[in-house]
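# Summary of structural features
Chain residues, written in single-letter form:
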Amino acid sequence: MTPSLHDLTTRFASVPGLTFDAEKGLTRLKLQTAAAEIEVFLQGAHIAHFRAAGQEPLLFLSDEAIFQEDTPIRGGIPIIFPWFGTRRHGRSADAHGFARNTPWELTGVQLEPEVMLSFELTPSARTQLEWLPDFRVRYFVYAGEELTLSLEVENLSETSFIFEAALHTYFAVSDIRSVRVTGLDGVEFLNQLATDKQLQSGDIHFAGETDNIYFNVPETITIEDSGLQRAIEISSNALSAIVWNPWIGKAARLKDFGDDEWQRMVCVESGAVQENEVEIFPGEITTLSVTYRSTVAAGIDAA
Ligand code: TA6
């Protein structure tokens, strides 16, 4: 049960720059510091906005996003858990799992020695309708010049279980046609539009709907945006990466996505999905960590 705005405001009254409000009934945390500003909905511990001081906003959020209980928010950083896409081990109506549609507890806000927000998700009647393992997921968000995320999954059950997870991050770009994604050359991927496996040849450029799942990926992937003259470096311990742009057709079919918004976003998601799914044993904790570092990169030529 999400605490009331009054309870949250009272509990964290001593934290300068921290406020709480509600967007159409969804509780939202806003934190402004000298280094960065961040907005997080408690539903899904969903980061909806992040901007480091002196930089452009890092994330895309659809103007058509829907803010209501049990409904995914289009944009920002949805947390995908405990399955990716359509559930493969069992049945569920929740594409990408229940974590992004479920309220998380805000367990902490610290400003020193670094700004860190912490959230927690544990089983509820809602989650147990679809998934029985006993688990705890803790999410640590470090918001400074860089944005670092750490998703810790703990098995509190007596037996092992298999899960998938991803940080489904929507990055803001000037124009997808001026963007390339580097760092995945030679990596095997599944083209979800054609369901065949291929090897990535060179950088990823965008000239149509793109929906690729890369497996056993290297530590660093970079989004180069010649329009913004910025590079976003994604450093993680993720086993998988997903690169997605809906392009014109799928954008028009998404009710919570503007018809022309495909031009201003790209998803580069870090996680462990499909053949990279994780088996976790009783008492074990596994961690997915990602750091986003945005730099001005003058001289990036057109994609
Ligand atoms: O991560 C890529 C993807 O699986 C695409 O296939 C597309 O469906 C996207 O996720 C968005 O999924 P959503 O359930 O948020 O509409």
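Residues numbered from 1 in each chain as written. Predicted model: local features only at pLDDT ≥ 70, side-chain atom pairs only at ≥ 80, totals over all residues. Heavy atoms only, no water.

### Side note on the site of the ligand
Which entries qualify depends on this criterion: If even one non-hydrogen atom of a residue comes within 4 Å of a molecule or strand, that residue is called near it. Think of a polar contact as two N or O atoms within 3.5 Å of one another; within protein, one of them needs to be a possible hydrogen donor and the other a possible acceptor, and neighboring residues in sequence only count if both atoms come from side chains. We get accessible surface area from the Shrake-Rupley algorithm with a probe of 1.4 Å; when it comes to residues, only the shown protein chains can shield them. Here a cavity means grid points, on a 1 Å grid over the protein atoms only, where a 1.4 Å probe fits yet cannot get out; a pocket means an open set of points with protein on both sides within 12 Å along at least five of seven lines; lining residues are those with an atom within 4 Å of a point. Assignment to a cavity or pocket requires that more than half of a molecule's atoms be within 2 Å of the site's grid points. In this classification, Asp, Glu, Lys and Arg are treated as charged, Ala, Val, Leu, Ile, Met, Phe, Trp, Tyr, Cys and Pro as nonpolar, and every other residue, Gly included, as polar.
Around the ligand, the structure places R74, F84, H96, R100, H168, Q192, D211, I242, W244, K250 and E269. Note that an oxygen atom of the ligand is positioned 3.0 Å from one of the side-chain N or O atoms of H168. Here an oxygen atom of the ligand and a side-chain polar atom of E269 are 2.8 Å apart. Coverage of the ligand by the protein chains reaches 83% of its 390 Å² of free accessible surface. Given that more than half its atoms are within 2 Å of the pocket grid, the ligand belongs to the largest pocket. Split into classes, the residues belonging to the shell around the ligand amount to three nonpolar, three polar and five charged.

### Side note on the environment of T107
Under the convention used in this document: Under the scheme used here, helices are H or I runs from DSSP no shorter than 4 residues and strands are E runs no shorter than 2 residues, and both carry numbers assigned from the N terminus. The contact criterion used is simple: two residues touch if any of their non-hydrogen atoms lie within 4.5 Å.
Assignment of secondary structure puts T107 in strand β6 (residues 105-110). Through-space distance from the C-alpha of T107 to that of F161 is 25 Å; in sequence the pair is 54 residues apart. Not counting chain neighbours up to four residues away, the residues in contact with T107 comprise R11, S118, F119 and E120.

### Looking at the sheet that holds strand β4 (residues 46-52)
We count it as follows: By definition, two strands form a pair when at least two bridges between them are found by DSSP. Lines are fitted to the C-alpha atoms to define the axes, a helix being fitted only along its stretch in contact, and any angle between axes, read from their N-to-C directions, falls within 0 to 180 degrees.
As summarised here, the arrangement of the four strands in space is β1-β2-β3-β4, forming an open sheet in which the pairing is antiparallel. At either end of the open sheet lies a strand with only one pairing partner, and these are β1 (18-23) and β4. Averaged over neighbouring strand pairs, the angle between their axes works out to 15° when direction is ignored. Strand direction decides the pairing type here: β1 and strand β2 (residues 26-32), joined by six bridges, are antiparallel. By the bridge assignment for β2, L18 is matched with L31.

### Comments concerning the pairing of strand β13 (residues 179-182)
Stated precisely, the cut-off is as follows: Partly exposed residues are those whose accessible area sits between 20% and 50% of the maximum for their type, while under 20% is buried and over 50% is exposed, using a 1.4 Å probe and protein chains only.
Burial of the side chains of β13 extends over both faces: V179 and V181 are buried on one face and R180 and T182 on the other. Here β13 pairs with strand β18 (residues 220-225) via four bridges, running antiparallel. The partner of R180 across the bridge, within β18, is E224.

### Topic: the sheet that holds β18
If you walk across this open sheet you meet the nine strands as β6-β7-β8-β9-β23-β19-β18-β13-β16, and the pairing is antiparallel. Each edge of the sheet is formed by a strand with only one pairing partner; in this case those strands are β6 and β16 (204-205). Where β13 lies against β16, two bridges are found, and the strand directions are antiparallel. Its bridge partner being in β16, V181 is matched across the sheet by I204.

### Observations regarding unusual backbone geometry
Put simply, F81 and P82 share a cis peptide bond, and its omega is 0°. Along the chain, P82 falls in the loop between β5 (79-80) and β6. Cis geometry marks the peptide bond from E112 to P113; its omega dihedral reads -5°. Considering the arrangement of structural elements, one finds P113 in the loop between β6 and β7 (116-121). The backbone of W247 sits at a positive phi, close to 60°, despite the residue not being glycine. Here W247 lies in helix α3 (residues 247-253). A relative accessible area of 14% means that W247 is categorised as buried. Unusually for a residue other than glycine, Q274 sits at a positive phi of about 45°.

Note that every value here comes from positions in space, so none of it alone points to a role or purpose.
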